[in-house]
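One-letter residues, chain by chain:
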Amino acid sequence: MYMHYFHLIQSFCLYFQACLWDTGKIRHVLLQDPCDYEPNKAATLISPCVEMCNPGDRTKQWVVADLEGTLTRSKRSFPYYMLVAIEAGSSFRALLLLILSPFIWMVQTIVSENLGIQMLIFISTVGVRAFDVESVGRAVLCRFYLQDLHPQAYQVFVSCGKRCVVTSSPRIMVEPFLKDFLGVEHILGTELHTIKGFCTGFVQAPGVLVGHKKRDALRGMNILRQQQQFDVGISDHPKDCHFLSLCKVRKFSSYF
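The rules behind the values
- Residues numbered from 1 in each chain as written.
- Predicted model: local features only at pLDDT ≥ 70, side-chain atom pairs only at ≥ 80, totals over all residues.
- Heavy atoms only, no water.
- Core = buried A, V, L, I, M, F, W, Y, C linked by side-chain atoms within 4.5 Å.
- Buried < 20%, exposed > 50% of the residue type's maximum accessible area, 1.4 Å probe, protein only.
- Contact = heavy atoms within 4.5 Å.
- Helix = DSSP H or I, 4+ residues; strand = E, 2+ residues; numbered from the N terminus.
- Axes fitted to C-alpha atoms, helices over the stretch in contact; angles between N-to-C directions.
- Parallel < 35°, antiparallel > 145°, perpendicular 65-115°, else oblique.
- Left-handed = near helix turned anticlockwise from the far one by under 90°.
- Nonpolar A, V, L, I, M, F, W, Y, C, P; charged D, E, K, R; others polar.
- Pairing = 2+ DSSP bridges.
- Right-handed = clockwise from strand over helix to strand, strands pointing away.
- Salt bridge = Lys/Arg side-chain N within 4 Å of Asp/Glu carboxyl O.

So what exactly am I meant to see when it comes to the nonpolar core here?
Nonpolar side chains tend toward joint burial in soluble globular proteins. Ranked by internal contacts, the top residues of the largest apolar core, which has 51 residues, are Leu-71, Leu-97, Leu-141, Phe-157, Met-173, Leu-178 and Leu-182. The residues touching Leu-182, leaving out its near neighbours within four places in the chain, are Leu-71, Leu-149, Tyr-154, Phe-157, Arg-163 and Phe-177. One finds Trp-62, Cys-164, Leu-188 and Leu-218 within the second-largest nonpolar core, a separate group that totals 13 residues.

I'm lost on the environment of Pro-170 in this one. Help?
Within the secondary structure layout, Pro-170 lies in strand S2 (residues 160-170). According to the relative accessible area criterion, Pro-170 is buried, its value standing at 0%. Here Pro-170 is in contact with Tyr-81, Ile-121, Thr-190 and Leu-192, once residues within four sequence places are set aside.

Is there a simple way to think about the packing of helix H7 (residues 130-147) against helix H9 (residues 171-182) in this case?
Working note: a packed helix pair is described by the angle between its axes plus the distance between those axes. At a minimum axis separation of 7 Å, H7 and H9 run at an interaxial angle of 50 degrees. As summarised for this structure, H7 and H9 are arranged oblique, according to the angle between their axes. Every pair of crossing elements has a handedness; the one defined by H7 and H9 is right-handed. Counting all contacts with H7, which are made through Ala-130, Val-133, Glu-134, Gly-137, Arg-138, Leu-141, Cys-142, Tyr-145 and Leu-146, the residues of H9 involved are Ile-172, Met-173, Val-174, Pro-176, Phe-177, Asp-180 and Phe-181. For the contact of H7 with H9, the class distribution of residues is 12 nonpolar, one polar and three charged.

Is there a simple way to explain the pairing of S2 in this structure?
Side-chain direction in a regular strand flips from residue to residue, so the side chains alternate between the two faces of the sheet. Counting buried residues along S2, nine of its 11 residues qualify, which places the element largely inside the surrounding structure. Judged from the four bridges that link them, S2 and strand S3 (residues 186-190) form a sheet pairing that is parallel. What sits directly across from Val-165, in S3, is Ile-187. A crossover connection joins S2 to the parallel S3 through H9; in handedness this β-α-β unit is right-handed.

I tried to follow the pattern of salt bridges on my own but got confused; where do I start?
Opposite charge on two side chains allows them to pair when their charged atoms are near. Applying the stated rule across the entire model yields 10 salt bridges. A salt bridge links Asp-132 to Arg-129; the shortest N-O distance between them is 3.0 Å. Assessed through its relative accessible area of 22%, Asp-132 is described here as partly exposed. The closest approach of N and O atoms between Arg-138 and Glu-134, which form a salt bridge, is 3.8 Å. Remark: Glu-134 and Arg-138 occur in helix H7; sequence separation between them is four residues, near one turn of the helix. The class for Arg-138 is partly exposed, based on a relative accessible area of 45%.

This is the structure in structure tokens:
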């Protein structure tokens, strides 16, 4: 039953996005040098796709990757927040999130990605026990993430012996899947603010991990104190140019 609703929500997101915004140009962006990214030149930058990358023997190499749209085929995290709202919250919370989803999408796309994600987090988690959010991540979200895995990106990612994921999603939502199924050693995600075990709907500093905050989070790891750069970086969006600049090999993940 949940699988049916999940696909229904994904279809709704695709239809809404197609009606309101042309993302074709962004979807086909391939970066040559992430540090040289400029929005008005995005369509002219080209680099190897992850599909062209030979996994080979990378057991001693570090890989760092984004989650949404990179390790997963879908770039939309809204269906996962909806599942959290239903399972850890209530039907009323899920209905409210669904009603506000067009407004949240417009905020996230036009105004601020950071603000849009904070709105998703607030509505789906405020007043919910952090333990319940983590339980939903372990019992429900794992199977949906597994079904949504990007096959080529997955092959390259698991071919590396040392794995790190940096994502804008709350860490407690994605950690069970990434650790148990992908063997990820280090997970850098948005940290939920809690009081006495209950989510306040807000996030801890430094906030939602988007843009340069992903790079800053990676720089704070002990790994970069031992070596200057990660070996492989995988992403799907030009805005991730900041953390890709810390990688020797940069791959673009796309799914059509």
